[in-house]
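# A structural walkthrough
Below, each chain spelled out in residue letters.
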Amino acid sequence: MRGRAGPVRAISNFKRRTLGLAALVAALPAVACAGDGTSFLEPAGPIAALQKFHLIQITLISLIVVLPVLVLVPLLAWRYRASNTSARYMPDWDFSHALEYVMWLVPVAVVAVLSVYLWIDTHKLDPYKQIASAQKPLQVEVVGLDWKWLFIYPEFHIATVGQMAFPKDRPVALKLTSDTVMQSFMVSALGGQIYDMPGMVTKLNLQADRVGSFHGVNTQFTGDGFQDQTFTAMSMTNKDFDAWVAKVQKDGIALNEASYRVLGHRSTPDQVHATLGTPQMPQQVVYFNDVPSGFFNKVVMKYTSGKAIPATRQPGAVAYGQAPVGE
Amino acid sequence: MTLTDWNPILGRLTLQSLDPLKAVFDPTVNNFIASGAADAVVVGALLGVVLMTKYRLWKPLWNNWLTTVDHKRIGVMYIVLALVMLVRGVVEAVLMRAQQADGLHGGFLSADHFAQLFSTHGTIMIFFMAMPFLTGLINIVVPLQIGARDVSFPMLNSVSLGLTVAGAALVMISLVLGDFSTGGWTGYPPYTEAAFQPGVGPDYWIWSLGIAGLGSTLTGLNFIVTIYKERAPGMKFMHMPMFTWTALCTAILLVFAMPPLTVCAVMLALDRYAGFHFFTNALGGNMMNFANMLWLFGHPEVYILILPAFGVFSEIVSTFSGKRIYGYASLVLATMCIAVLSFTVWLHHFFTMGQDADVNAAFGIATMLIGIPTGVKIFDWLATIYRGRLQFTVPMVYMLSFMMLFVIGGLTGIILANPTVDFQVHNTLFLVAHFHNMLIPGLLFGMLAGYNYWFPKVFGFRLNEKWGHVSAYSWTIGFVLAFFPLYAVGLMGMTRRTVSYTNPAFQPWFQIALAGGFFVLFALFSMGMQLYVSIRDRDLLEAGADDPWNARTLEWATPSPVPAYNFAIVPTVDSRDAYAMAKASGAAYMSPARFNNIHLPGKTSLGVVTAVGGTALGFGLVWHMWWLAILSLVLVVAAFLARTFTEDEGVTIPSGIARRDFDAWMKRIRPEGWSDDTAPEMPGLETAQPMEHAE
Ligand code: HEM
Ligand SMILES: [Cu+2]
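Just so it is clear, the model here is predicted, and its values are computed rather than measured.

About the criteria used
- Residues numbered from 1 in each chain as written.
- Chains lettered and ligands numbered in written order.
- Predicted model: local features only at pLDDT ≥ 70, side-chain atom pairs only at ≥ 80, totals over all residues.
- Heavy atoms only, no water.
- Contact = heavy atoms within 4.5 Å.
- Buried area = accessible area lost by both parts, 1.4 Å probe.
- Salt bridge = Lys/Arg side-chain N within 4 Å of Asp/Glu carboxyl O.
- Polar contact = N/O pair within 3.5 Å; in protein donor to acceptor, adjacent residues only side chain to side chain.
- Helix = DSSP H or I, 4+ residues; strand = E, 2+ residues; numbered from the N terminus.
- Near = heavy atom within 4 Å.
- Nonpolar A, V, L, I, M, F, W, Y, C, P; charged D, E, K, R; others polar.
- Axes fitted to C-alpha atoms, helices over the stretch in contact; angles between N-to-C directions.
- Parallel < 35°, antiparallel > 145°, perpendicular 65-115°, else oblique.
- Left-handed = near helix turned anticlockwise from the far one by under 90°.
- Domains from an automatic or database assignment.

## Side note on the interface of chain B and chain A
The interface is formed by 94 residues belonging to chain B together with 99 residues belonging to chain A. For the chain B and chain A pair, buried surface summed over both sides reaches about 8,200 Å², with 70% attributable to carbon and sulfur atoms. Its largest share of buried area at the contact with chain A, chain B owes to Arg387(B), Arg389(B) and Gln424(B), together 10% of the area lost on that side. Connecting chain B to chain A are 2 salt bridges. Ionic pairing is found between Asp94(A) and Arg576(B), a salt bridge with its closest N-O pair at 3.9 Å. Scanning the region where chain B abuts chain A turns up 32 residue pairs in polar contact (both at pLDDT 80 or more). Residue assignment for the side of chain B that touches chain A shows that the elements contributing at least two residues are helix H5 (111-145), helix H9 (287-321), helix H10 (328-341), helix H11 (357-385), helix H12 (394-417), helix H13 (419-425) and helix H15 (465-491) of chain B. Broken down by element, the side of chain B that touches chain A gets its largest block of residues, 18 residues, from H11(B).

In structure tokens, the structure reads:
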């Protein structure tokens, strides 16, 4: 039988390809040369690190099914090319019990293994689950606006736009809502994203295990300034964090109806800084103090009051802030 | 909108809505592109009208095409629509690629223009490229494969086409008058609610896919009934060709999946037009319901798109391997599994909405389950190649690229099915790379393979192989270059639908992707060249076009081009690969003992009425020209009612004509000195173009 050459070639081909793929997986960190803490490929916390691990684990397990196809397609296509009359030709052969078992059972086994991991890991990394830690989580309330995030620290009665600071190694428990359209909050280097929606509260638990600055974004398109809806997630030592809180308390302006109305307009952090910022605040950042208790809840509850909200009073709406006709 | 901007005749249409004038009001690069596109549509339409008039084509167009109920011609019109829309979709795509290649801290397009581009590109590619393409192929091929003379409801078929055309026309009009939505192809509220987008954009989106979606539902019904009822005598379900099986599954999915889309589009319309609050922020509205319904349609939709492509691949791999398809029963089972499972996974599109881990895990596992039957299909095709005699024709090149690339898309699909990782890559370019990896090598390559494969059946001459190969390779290279970099930038944290970025590490990847865009443009150009060269050389390419590939299924047991009545005598079937069996036993071309008169349904202008009326209705609704909306609705309904009072006499083709056609065909296909129908030179391809045969 001339089929002999087949397996030999298959093996050398297989080696070459496995090596190639191994190189590819190894290249993942290289892809992450994105720098400035933008990606979970350079994780800065336990959640993101596990997510990266899962990515690689799932890829490798799935390759059990994927690799044979990548190898066999060129191999079989070449071997059974029409001009190769020495290859065996069986025009009526169309079934084999043994093959059938392999074809169904191998994918079933791979998916079974993946499913077990999926079930366990999905529960382990449930974004609502508090991160186990000796320290009490830091509570931060996030309000999504067009095109900026407002971070409220209820404990300290402060709030910020453009910066979210927290101590390293201490879990951060976020509660999120939106005061405009749906958005999606993500700091990739720390953990995954979660939607924030008007009238609803979602949760996200994050933690950083090193000091640094990480890129935070909204991933859900919300209009012209969407790409500018970024912020810096800053993980710092406890001491630095206390100093930061003190600075915000000192340099902030009051978060009240008037200043919040400015935030409600469609504007980027840059533009908000230009209107509300003071020289003491960094670029693209605004600090607030005197944040009334229950501020976050009020934002959530206004959508459940059972009363209509006209476009002129809906933050993010085109007509927001304009006097309604006839008022 | 305040009442003062509204005019009883023009609705909210004003001079500012005219896109060709944008560059005049405000000359920027961005506006020149917008106005240029608008001018191109207007000039293209005018040019079409002038040429049609010059060559006196209006009458033949009306008689032979617009009013026809012939499933093959309706199929051709669907595919022409798909190819035109493909050109627009690709041009928009390359424009987006160029913007992002230049998008570090800026670029040349405005954010709003970029948003309209991804919204129209996505909407067009799904609803007006992919759907018409697969509907066209199903229309052309399925009745022939099952040995039928037409579909069950020929007039309804014409009306479905009319609805699809009306939807496409609205998207084209949006280039010239007003703006399209910026809410993406998914149109999530509340962003698409009146408070946030008061203009006409979301209304164009709602009505274009609302109207076209109705057409798809009706197509689904039509083909379910056709496949159940019109099969040739003796053809059992397990005798049906694989393409017909996938068409059946797609038709079933259409009937179950399109209504949620229509319903959620109409609910959004009620919010926008009538002050309802299904998906608004206040008054109990909740956008999560929209996401739920949209994806209740949206996930089955991706299988509506991919299954017919799988069907095409099953046909061509068996034909070009010169072999029975391996594991037919497995393939049928796998197709059915996919169709059923496709309704159980929609939640994976919003793992990040805040539901608990049990729900996410259940849907994640359901999603991975679909990978099993899909994997089986790939292995079945491989086993078909095994011990075959594979010919590297254009469709086969598409198929080999598809198998290699599709498994990579499958791998990233499995990755995305895992909520823990999806939390990271959802809404990033990783996801965009994944679905293009399924849609281009899967759906599009399948459609293009089918186009090359069945073209000779429809037009009576083959497509040029050289340009076909050039275009298949360019598509493959273009796809790899355009989308593999997106996997990388996606993992690096680049969000989708993002006009510009500040991270310089992204830029090189986008530049590679732009190069891929140019390859894709070249692939499109090659397809144009292929068509041009083939039409020019059609006399040469005619030889052997009746059965150029030595194929196995019934559609090839007819002359090319296929006569209006398909089969002079409806065949009797008692096995799979009916035509291959007949050829092998020498029974393929037996002259029937007697010919009968053939009765066919008559022409109808209802399809055209639907297309024009549907467009006018949508246009009136978009621009708040209530008189136009009401008038067109009344006229369309009246036309349908009037039709119920007339009787369709149909046309009768005398048996003499059928006999004459048959004899002419036999004279053509039986080579000189013919003695035996099983002779290897029988369908006689060698005379045209050297190509190894599978004997
Ligand atoms: C021919 C080459 C193609 C190229 C270069 C291309 C490129 C693109 C680009 C640049 C985007 C925007 C990505 C972003 O969100 O930043 C996009 C989105 C999209 N494309 Fe394509 N595309 C191509 C073909 C297709 C095909 C064949 C289909 C479907 C059959 C398709 C369906 C979509 C959809 C559904 C979206 C999402 C639109 C949205 O965000 O709402 N594309 N494509
Ligand atoms: Cu899906």
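## Side note on the site of ligand 1
Residues and elements named next belong to chain B. Taken together, 25 residues sit near ligand 1, with His-121, Trp-185, His-436, Arg-496 and Arg-497 positioned nearest. Take Arg-496: an N or O atom from its side chain is 3.0 Å from an oxygen atom of ligand 1. Measuring from an oxygen atom of ligand 1, one finds a side-chain N or O atom of Arg-497 at 2.7 Å. Of all the secondary-structure elements, those providing two or more residues to the shell around ligand 1 are helix H4 (71-101), H5, helix H14 (429-459) and H15. Here the shell around ligand 1 takes 7 residues from H14, the largest share from any one element. Looking at the shell around ligand 1, its residues break down into 17 nonpolar, 5 polar and 3 charged.

## So, the packing of H14(B) against H15(B)
All names here are of chain B. Between H14 and H15, whose axes approach to 7 Å, the crossing angle comes to 160°. As the angle between them shows, H14 and H15 are arranged roughly antiparallel. In this structure, the crossing between H14 and H15 has a hand that is left-handed. Every residue of H15 that contacts H14 at Leu-429, Phe-430, Val-432, Ala-433, His-434, His-436, Asn-437, Ile-440, Pro-441, Leu-444, Phe-445 and Leu-448 is listed here: Trp-475, Thr-476, Phe-479, Phe-483, Phe-484, Leu-486, Tyr-487, Val-489, Gly-490 and Leu-491.

## What about the domain arrangement of chain A?
Residues and elements named next belong to chain A. Once the domains are mapped, chain A shows domain 1 (2-83 + 95-124) and domain 2 (138-301). Across the boundary between the two partners, domain 1 contributes 13 residues, which contact 13 residues of domain 2. At the boundary of domain 1 with domain 2, the tally comes to 0 salt bridges. There are 5 residue pairs in polar contact (both at pLDDT 80 or more) connecting domain 1 and domain 2. Of the residues that constitute the side of domain 1 that touches domain 2, the class distribution is 6 nonpolar, 5 polar and 2 charged.

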